[in-house]
Amino acid sequence: MESRGPNGAAAAPLRLLKLRLGLAFLQLLGGGAALRLEGNAYDGLLVAINPLVPEEQKLIDNVKEMITEASSYLFNATQGRAYIGNVKILIPATWKAKSYAKPKQELYTKADIIVAPPYWKHGNDPYTLQYGGCGEMGEYIHFTPEFLVNDGWIDIYGSRGRLFVHEWAHLRWGVFDEYDIETPFYISEQNQVKATRCSSELTGIYVCEKQSCTQGECVIDQGTGLLKEGCTFIHDKAQNVSSSIMYMQSLSSVFEFCDAGNHNTEAPNLQNRKCNYKSTWDVIMSSDDFKFNTPMAINSFPGPPTFSLLQATDRLICLVLDVSSSMNEKNRLRRMHQAAEVYLLQIVEQNSYVGIVTFGHTGEVKSQLRQIVHHDIREQLASDLPTASSSEQTNICAGLLLGLEVMKNHGGNASSSEIILLTAGEDSTLSKCFSDVIKSDSIIHTIALGPSPPKELEELGRITGGLRFFATDRPDSNSLIDVFTAIVAGHGDASHQPVQIESAAERVKGNSQVNRTTTIDSTVGKDTFFVVTWQINTPTITLGDPMGKKYTTEDFDVDPVFHTARLQIPGIAQVGEWTYTLTNTHALPDVLTMTVTSRPVKSDASVISVRVHPNKETNSHPYPMIVYAQVNQGFSPILGANVTAIIEPESGDPVFFDLLDNGAGADVIKNDGVYSKYLFSFKGNGRYSVKLRVQRDNKTVGPYPTTLGSNAIYIPGYIENGTIQMNAPRPLLNSEDTLIRSGGFRRIASGGSFTVSTVSTGLYADVFPPCKIIDLDARTDGDIVELTWTAPGDDFDQGQAARYEIRTSGSPQKLRDRFENAASVNSSSLIPQQAGFKETFVFRPEAFAVANITRIYVAVRTVDKVSRYSDVSNIAQAVVLLPQKDFHIPHAKHNALTIVLTTCGLLSAACCLIITATVWISKKKKAVVEEGIL
């Protein structure tokens, strides 16, 4: 019976709170790698250099210089609230060994900043991988070596330190850019054509910089009222405006973020769409960093950051495996043996040191560390795996502490070593050894098998920087093998790491068979293994390669004790479709599984990789979660893939749902290779595992984005002393880059686990509203407005909503603040489609009947079947122009010029458009006009 406190409240949550407070303190003592704000200093910032980057001292020097400058700029931008204190630079093992320190828990895969090759041939733009919502931290900032060593990029982005702070705001505080490449101009409430920017007080002129301009002139598009493609806004280099860093940090006058006083809520940028029109400063100040943070004293100024250089050495791994009586249940011991054997024979990287420890109520060393230098070592380690349980009790600390001793016997300490801890038993004493484990600076990857392991298990993994997994006891699940195949080195070099291509588990009736296909793509094929497991009798196996060659059961290495059959394909596996048939020759039903793994065919191959994870590790119902999947080839996004998330609870059937990269619902940016969806339906309280199945047929997909993630604006040029000084244009994607012809591929990826609490056991109640529409767009044709958007669901981004509520106004603020009071559009004929489909709706606004109004703002709200409302969508603008000829800017002369242009019909029949500008014209005869257009 649960103990309770003096007021009747359960004591267990209090104990857990005390445990977490104690763990936080221990993490500080143990020097954990996580970045944190201590006082006003960011401590533990991790910069990691990718192993594919050639050694260059200038790279390290420029990183130090960039971050030192960034610290001062950040301190001023946050009004004395934050600066950068301690920085760790992780040097790859591929560089020459010098007097670098040894890492503790620092890994490339956990870095805040990565220095790595570009995402396409000319993709040297710095960016932040940011696929969460407003206020959510990003994943990492990506700098290329070319950007860091070539000073030519300073003309494009300004100083590296200033650009660093722009990207830091994306990474740390979850704000978005205040410019917009796809919507560079908009019409303000004052009927002015303005460049999308913040602050709107920044001055400049329009320049026609592309050949697509009509006769070299800027032209008003009669369908939108905006300037046609080819015109760009060139800023004055000398400004009197101090904001905003999230628009153009390169301007010397800019040293602040936009706040509520100067934020441009009209600009159609991502910051407004994603953050509900809040200023960047408001979002920053609501972050966890600054909720309880106070500025430093007046006249205080921090010193420069301190830097330490670290270099990883050989990987040290110890498997710490549970052999208590709990492993006798539900074939756990056999399944653990199968999974660990796959790990040792197929997954763990060459030259790694691996040891094995088991534990019941005491620990036992099954194998000291051995370096994997040839396949015989792998076989010897596999033969040391446990074959039977040893005791009733489960003492996890006994195994952990013995595993640490195995590490210390090799190198004198356990720093940066890894323990893979698997347990199925209950143990109320686990927290007793937390202090020793955390102080060892070892990384603990945890695997909870079944529903009984202690709840503190995941906390141990989190605080030591390890991966956290859960594997169900379902007999028709391959989850334990999937978990072990996901534990690869965190050094960032995928050229020698295995990938999982197939994971299939199926209950097969007696004397029946299962027929399936899988795909070996051109980036892999080395060390390709097909592994079959079963529960009762060895099945009959038939495997065929794309050229028609057949393999049968006799070709497999069969282990009748642990029910595995393994085949390594000689040489390089054929690219294409492989077919296999598993036949249950027994009269009783059996569960048959197939696992396929392979390695890159070449060390310099750009491998297709998949990363999946939920947006949080713990969740309380009815709050939703989001599952994210990043699908890349190298750093380039893979588009058009079929991505399916598989969520397995502690008991009950798994849940399958498709993730989308459509820029709607949970997905922040369309076509960036990040697929996502809301997750909100849970079977009950407890642990859940996350797995991903990704596949794509042989096809061509494009065009690919020229930039990734969130990044600073590429500055085309400046006006200085009346002269236009243009930078080199952004490199264009050629046909080879924009249309990537990729053969078919398949991938399986395990994405860890999460826990859910407060799930109701009563009748289901619909408490989930439709998600917010974030891609509403408006176009006009005469006096007709056409709206398009992606259909949300009845519950977030799933199902089919009941109806839409569409309203219009001449003021975007009215739609934002008083949506219910805005003019309603009759949309009764519009029946919502299933979530994810494109919606189109056409209407004729009554406001257009008034001669002096030619612009309108539109927003949409979705209603579900129980009358729950979504948030109001992003606001779209529609403009109607009276019929007229195109408005041109005349050809420029070679000297000073005053341009006066007049046209009627943009604002009303009686109102004219006048543009006046006085500038010095460059030698290229660029046509120019002062911003804005009145």
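For every chain, the first residue of its written sequence is number 1, and the numbers climb from 1 along that sequence. With pLDDT at 70 or above as the cut-off, local features in this predicted model cover only qualifying residues; side-chain atom pairs require 80 or more to be listed or tallied, and sums for whole chains, interfaces and linings still use all residues. No hydrogens and no water enter the side-chain calculation; it runs on all heavy atoms of the structure.

S.K.: Before we go on, may I ask you to explain the sheet that holds strand E22 (residues 513-520) in this structure?
M.R.: Paired through their backbone hydrogen bonds, the strands of a sheet run either parallel or antiparallel. Any two strands between which DSSP finds at least two bridges are classified as paired. Numbering goes from the N terminus for both helices and strands, where a helix is a DSSP run of H or I of at least four residues and a strand is a run of E of at least two. Here we have four strands laid out as an open sheet, ordered E22-E28-E24-E25, and antiparallel in their pairing. The strands lining the two open edges of the sheet, one partner per strand, are E22 and strand E25 (550-552). Across the sheet, the mean angle from the axis of one strand to that of its neighbour is 15°, orientation sign disregarded. The pairing of E22 with strand E28 (residues 576-583) spans eight bridges and is classified as antiparallel. Note on geometry: axes are lines fitted to C-alpha atoms, helical ones only across the stretch in contact, with angles between N-to-C directions running from 0 to 180 degrees.

S.K.: Just checking my understanding: could you explain the packing of helix H2 (residues 57-77) against helix H5 (residues 160-173) for this structure?
M.R.: If you want to describe how two helices pack, look at the angle between their axes and the distance between the axes. Where H2 meets H5, the axes come as close as 8 Å, and the angle between the chain directions of the two elements is 70°. With respect to each other, H2 and H5 are oriented roughly perpendicular. For the pair formed by H2 and H5, the contact residues are Asn 62, Met 66, Ile 67, Glu 69, Ala 70, Tyr 73 and Leu 74 on the first element and Arg 160, Gly 161, Arg 162, Phe 164, Val 165, Trp 168 and Trp 173 on the second. Following the grouping adopted for this structure description, the nonpolar residues are Ala, Val, Leu, Ile, Met, Phe, Trp, Tyr, Cys and Pro, the charged ones are Asp, Glu, Lys and Arg, and the polar ones are all others, Gly among them. A breakdown of the residues in the contact of H2 with H5 according to their chemical character gives nine nonpolar, two polar and three charged. Put simply, angles under 35 degrees are roughly parallel, angles over 145 are roughly antiparallel, angles from 65 to 115 are roughly perpendicular, and the rest are oblique. When checking whether two residues touch, look at their non-hydrogen atoms; a contact exists if any pair is within 4.5 Å.

S.K.: Explanation requested: the pattern of salt bridges in the structure shown.
M.R.: A side chain of one charge can pair with a side chain of the opposite charge if their charged atoms are brought near each other. We count a salt bridge whenever a side-chain nitrogen from Lys or Arg sits within 4 Å of a carboxyl oxygen from Asp or Glu. One pass over the structure, following the stated rule, counts 33 salt bridges. The salt bridge partner of Asp 775 is Lys 838, with a shortest N-O separation of 3.5 Å. One end of the pair, Asp 775, is in the loop between strand E42 (745-757) and strand E43 (777-781); the other, Lys 838, is in strand E47 (residues 838-843), with 63 residues separating them in the sequence. Connected via shared salt-bridge partners are Glu 329, Arg 332, Arg 335 and Asp 473.

S.K.: Sorry, what's going on with the packing of aromatic side chains here?
M.R.: The relation between two aromatic rings is expressed through the spacing of the ring centres and the mutual angle of the planes. When the centres of two rings from Phe, Tyr and Trp lie within 6.5 Å, Trp using its six-membered ring, the rings pair. Their planes under 30 degrees apart give stacked, over 60 give edge-to-face, and anything left gives tilted. By the definition in use, this model includes 29 aromatic pairs. Between Tyr 551 and Trp 578, the ring centres sit 6.5 Å apart and the planes meet at 15°, which makes this aromatic pair stacked. Of the two residues, Tyr 551 sits in strand E25 while Trp 578 sits in strand E28, which places them 27 residues apart along the sequence. Side by side, Tyr 551 and Trp 578 carry an identical accessibility label, which is buried. Aromatic pair Phe 680 and Phe 768: ring centres 4.7 Å apart, planes at 50°, arrangement tilted. One end of the pair, Phe 680, is in the loop between strand E36 (674-679) and strand E37 (686-696); the other, Phe 768, is in the loop between E42 and E43, with 88 residues separating them in the sequence. Classification of Phe 768 by relative accessible area gives buried; the value is 2%. Buried means the residue's accessible area, taken with a 1.4 Å probe over protein chains only, is under 20% of the maximum for its type, while exposed means over 50%, and partly exposed covers the values in between.

S.K.: Explain H5 to me, please; I cannot follow it from the model alone.
M.R.: The periodicity of an α-helix, 3.6 residues per turn, causes residues three or four places apart in sequence to face the same way. To estimate the expected span of a helix, subtract one from its residue number and multiply by 1.5 Å. Under the 1.5 Å per step criterion, the end-to-end length of H5 is 19 Å for 14 residues, consistent within 8% with the ideal 20 Å. What we call the bend at a residue is the angle made by axes fitted to the seven residues finishing there and the seven residues starting there. Taking the largest bend as the criterion, H5 deviates by roughly 25°, centred on Glu 167. Positive backbone phi, approximately 70°, marks Gly 174, located one or two places after H5.

S.K.: Any chance you could explain the nonpolar core here in plain terms?
M.R.: Here is a general trend for soluble globular proteins: nonpolar side chains tend to be buried in one another's company. Counting 65 residues, the largest nonpolar core has Phe 164 and Phe 257 as the members making the most contacts within it. If one sorts the elements of this core by residue count, H2 sits on top with nine residues. Remark: nonpolar core denotes a set of buried residues (Ala, Val, Leu, Ile, Met, Phe, Trp, Tyr, Cys) joined through side-chain atoms within 4.5 Å.

S.K.: Quick question: what am I supposed to make of the sheet that holds strand E14 (residues 306-311) here?
M.R.: The strand order E7-E8-E6-E3-E5-E14 describes an open sheet built from six strands, whose pairing is mixed. The sheet terminates laterally at strand E7 (127-129) and E14, the two strands that pair on one side only. Neighbour-to-neighbour, the strand axes of this sheet turn through a mean angle of 25°, independent of strand direction. Bridge count for strand E6 (residues 113-115) against strand E8 (residues 140-143) is three bridges, and the pairing is parallel. Bridge pairing in E8 links Ile 114 to His 142. Against the sheet, H5 makes contact with strand E3 (45-49), E6, E7 and E8, and its axis sits at roughly 150° relative to E8, the strand it touches most.

S.K.: Please clarify how the confidence of the model for the protein chain should be interpreted in this entry.
M.R.: pLDDT gives the predictor's per-residue confidence on a scale running from 0 to 100. Model confidence for the protein chain is summarised by a mean pLDDT of 87, while 87% of its residues fall at 70 or above. Here residues 23-32 scores under 50 on pLDDT; set against residues more than four positions off or in separate chains, the count is 24 contacts. For the stretch residues 849-853, pLDDT sits under 50, and the model shows five contacts to residues farther than four places along the chain or on other chains.

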